[in-house]
Amino acid sequence: MGNDWMVLLQQQNQLEKVMKTNQKTEQFGLALTKQDAELILSERKSSLLQQRRIEFGEGMITKIIDEFCDSDFIDQNNYVDTLIRLQEIFYLYKNEMMDEITDDELLNFMKEQFETVCFGDLDYLETTCLAVFSQAVRAGYEGYKASQRCGEYTEFDEVKRWDPELYMEALRELFWR
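Now for a look at the structure at hand.

Analysis parameters
Residues numbered from 1 in each chain as written. Predicted model: local features only at pLDDT ≥ 70, side-chain atom pairs only at ≥ 80, totals over all residues. Heavy atoms only, no water. Core = buried A, V, L, I, M, F, W, Y, C linked by side-chain atoms within 4.5 Å. Buried < 20%, exposed > 50% of the residue type's maximum accessible area, 1.4 Å probe, protein only. Helix = DSSP H or I, 4+ residues; strand = E, 2+ residues; numbered from the N terminus. Contact = heavy atoms within 4.5 Å. Expected span 1.5 Å × (residues − 1). Salt bridge = Lys/Arg side-chain N within 4 Å of Asp/Glu carboxyl O.

**Quick notes on the nonpolar core**
If you look at the biggest cluster of nonpolar residues, it comprises 41 residues, and the most contacted ones within it are Ile64, Met110, Leu125 and Leu130. Elements with a contribution of two residues or more to this core: helix H1 (4-20), helix H3 (34-51), helix H4 (61-68), helix H5 (79-96), helix H6 (103-115) and helix H7 (122-138). Discounting chain neighbours no more than four positions away, the residues touching methionine 110 are Phe68, Leu86, Ile89, Phe90, Leu125 and Leu130.

**Here's the deal with H6**
For H6, built from 13 residues, the straight-helix expectation of 18 Å at 1.5 Å per residue is met to within 8% by its first-to-last C-alpha distance of 18 Å. Those residues of H6 not exposed but buried are Glu105, Leu106, Leu107, Phe109, Met110, Lys111, Gln113, Phe114 and Glu115.

**Details of the pattern of salt bridges**
Enumeration according to the criterion identifies eight salt bridges in this entry. When the shortest N-O distance is used, the salt bridge between lysine 63 and aspartate 104 registers 3.4 Å. With lysine 63 in helix H4 and aspartate 104 in helix H6, this residue pair connects regions lying 41 residues apart in the sequence.

The following block contains the structure:
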């Protein structure tokens, strides 16, 4: 019972830090209420338990907010749900990659894929982009270090992307048989 005040103080401190992110995110039309922040922190605790991880300090949610607040695919309507899902995905893939990459490396990779390859699709980010990347990292891939984590997904992406020649060929087949 004697340490309960320490837990409450830490929770209050985390809540204040999450609420402070509104100062930056409001310029992108995003803001959290106190209830939103409490829900996110509660889900953080659940995610950490589920992934059997521990964190010291403020945790990753403020970094996630900072990294993703300028996304074209996040608006006020999906903001809280997206943050909760992003933190779940983050903790899952920290484990999947056996902590071989830093928090910032994982966050940067997540954001780049979320914006470019996934076009805001969290399912695709989780089940395709990060699954393939984590497999490469576990196999010893370190190319992301040399490139400063930019444009790395194309090195091991298994999905054929936009190809102008392929598009023109498909058009010819459809219209000029």
